[in-house]
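# Structural overview for review
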Amino acid sequence: MVAVALLAICVTVGARWYSGESWRIADIQVQNNTGVPVEAIIGASGLQGEHFHFADLDAAARSVDDLPGVEAATVTCRWEWRTTCVIVIQPARPMAVWQSQSGNVWNDFEGKVQVAREGVPARLTIRVEEGAPPALGSRLDPRLLRALNELIVAQPNVTRYSYSPRFGLIWTDERKRRVRLGDAPYD
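Residues numbered from 1 in each chain as written. Predicted model: local features only at pLDDT ≥ 70, side-chain atom pairs only at ≥ 80, totals over all residues. Heavy atoms only, no water.

### So, the overall build of the protein chain
- Along the backbone of the protein chain there are four helices and 10 strands.
- Ordered by position from the N terminus, the helices and strands of the protein chain form the series α-β-α-α-β-β-β-β-β-β-α-β-β-β.
- A compact globule built from 187 residues would reach a C-alpha radius of gyration of about 16 Å, whereas the protein chain, at 25 Å, exceeds it by more than 25%.
- When its C-alpha atoms are laid out on the principal axes, the protein chain stretches across 95 × 35 × 25 Å.
- For the protein chain, long-range pairs separated by at least 24 residues make up 56% of all intrachain contacts whose partners lie at least 6 apart in sequence.
- When the accessible surface of the protein chain is summed, it comes to about 11,300 Å², and 55% of that surface belongs to carbon and sulfur atoms. (Helix = DSSP H or I, 4+ residues; strand = E, 2+ residues; numbered from the N terminus. Rg over C-alpha atoms; globule rule 2.2 N^0.38 Å. Contact = heavy atoms within 4.5 Å. Areas by Shrake-Rupley, 256 points an atom, 1.4 Å probe, with all protein chains shown as cover.)

### What to know about the pairing of strand S3 (residues 83–91)
- Direction of pairing for strand S1 (residues 25–31) relative to S3: parallel, over a ladder of six bridges. Each bridged residue has a counterpart across the sheet, and for glutamine 31 the counterpart in S3 is valine 88.
- One ladder, built from nine bridges, connects strand S2 (residues 70–79) with S3; its direction is antiparallel. Note on S3: the bridge partner recorded for arginine 78 is threonine 84. (Pairing = 2+ DSSP bridges.)

### Some thoughts on the pattern of salt bridges
- For the coordinates displayed, the defined rule picks out seven salt bridges.
- The shortest N-O distance in the salt bridge between glutamate 129 and arginine 127 comes to 3.5 Å.
- With relative accessibility at 41%, the residue arginine 127 sits in the partly exposed group. (Salt bridge = Lys/Arg side-chain N within 4 Å of Asp/Glu carboxyl O. Buried < 20%, exposed > 50% of the residue type's maximum accessible area, 1.4 Å probe, protein only.)

### With respect to the state of the cysteines
- In this structure the tally under the stated criterion is one disulfide.
- At a sulfur-sulfur separation of 1.9 Å, the disulfide partner of cysteine 77 is cysteine 85. Because the torsion about its S-S bond is 105°, the bridge between cysteine 77 and cysteine 85 counts as right-handed. (Disulfide = S-S within 2.5 Å.)

### Notes on the sheet that holds S3
- With respect to topology, three strands assemble into an open sheet ordered S1-S3-S2, the strand pairing being mixed. Edge positions in the open sheet fall to S1 and S2, since each of these has one partner strand only. Strand after strand, the sheet turns through a mean of 20° between neighbouring axes, direction not considered.
- Packed on one face of the sheet, helix H2 (residues 38–45) meets S1 and S3 and runs near 125° to S1.
- Strands S2 and S3 of the sheet are contacted by helix H3 (residues 57–65), whose axis makes an angle of about 150° with S2. (Axes fitted to C-alpha atoms, helices over the stretch in contact; angles between N-to-C directions.)

### Notes on the confidence of the model for the protein chain
- Taken residue by residue, the protein chain gives an average pLDDT of 84. The fraction at 70 or more is 92%.
- Averaged over each element, pLDDT in the protein chain is lowest for helix H1 (residues 2–18) (70) and highest for strand S7 (residues 124–128) (92). (pLDDT = per-residue confidence, 0-100.)

### Overview of a nonpolar patch on the surface
- A cluster of nonpolar side chains, Val2, Leu6 and Ile9, forms an exposed patch at the surface whose accessible area comes to about 310 Å².
- On the secondary structure map, valine 2 appears in helix H1.
- By relative accessible area, valine 2 is classed as exposed at 61%. (Patch = residues over 30% accessible without salt bridge, like charges linked within 9 Å, V, L, I, M, F, W, Y side chains within 5 Å.)

### Side note on H2
- Looking at H2, one finds that the buried residues are Ile41, Ile42 and Ser45. Across the axial projection of H2, the buried residues extend over an arc of 95°, all falling on one side. Away from the buried face of H2 by more than 90 degrees, exposed residues Glu39 and Gly43 are located.
- Among the structural elements, S1, H3 and S3 are those in contact with the buried residues of H2.
- The first or second residue beyond H2 is glycine 46, which carries a positive phi of 70°. (Arc of directions from axis to C-beta.)

Below, the structure is given as structure tokens:
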């Protein structure tokens, strides 16, 4: 009877300890981040307050990957009487800055569109002639993204284009002739 009571007490104390705060993720560090708010990364991961053994680190990394400005993310956690997680960010590489009257945005090589910060080292500059630039948080139309990738390869020395929703991409050559390039409907 005493042994059963001691066993019950040990199980109860062990269960309370295992479900306690020392096993909950409270400390999350973000490394190699540029331009994405740390709070957004931590919030997207969904790890804050999760139990160490039940946290889905792959799902957390995928959620952070989907954020604008993030190309990839890895998440690791360790427990040493307290749970600590580290999210390592691989920042997105800017492909094109879209300049317009309503504000500037940029897209990465996957087509994710985000707010343009000062001095974005993008490969291309695109002046929007009419309409609005691509919407924040959206992805570029796959045909337009394909066209941009093809232009980078076909004209590596050209970095400035114009864009019109009606005509697509437009290039002005050295003689000031405007060449309508459109977009790439097929590979």
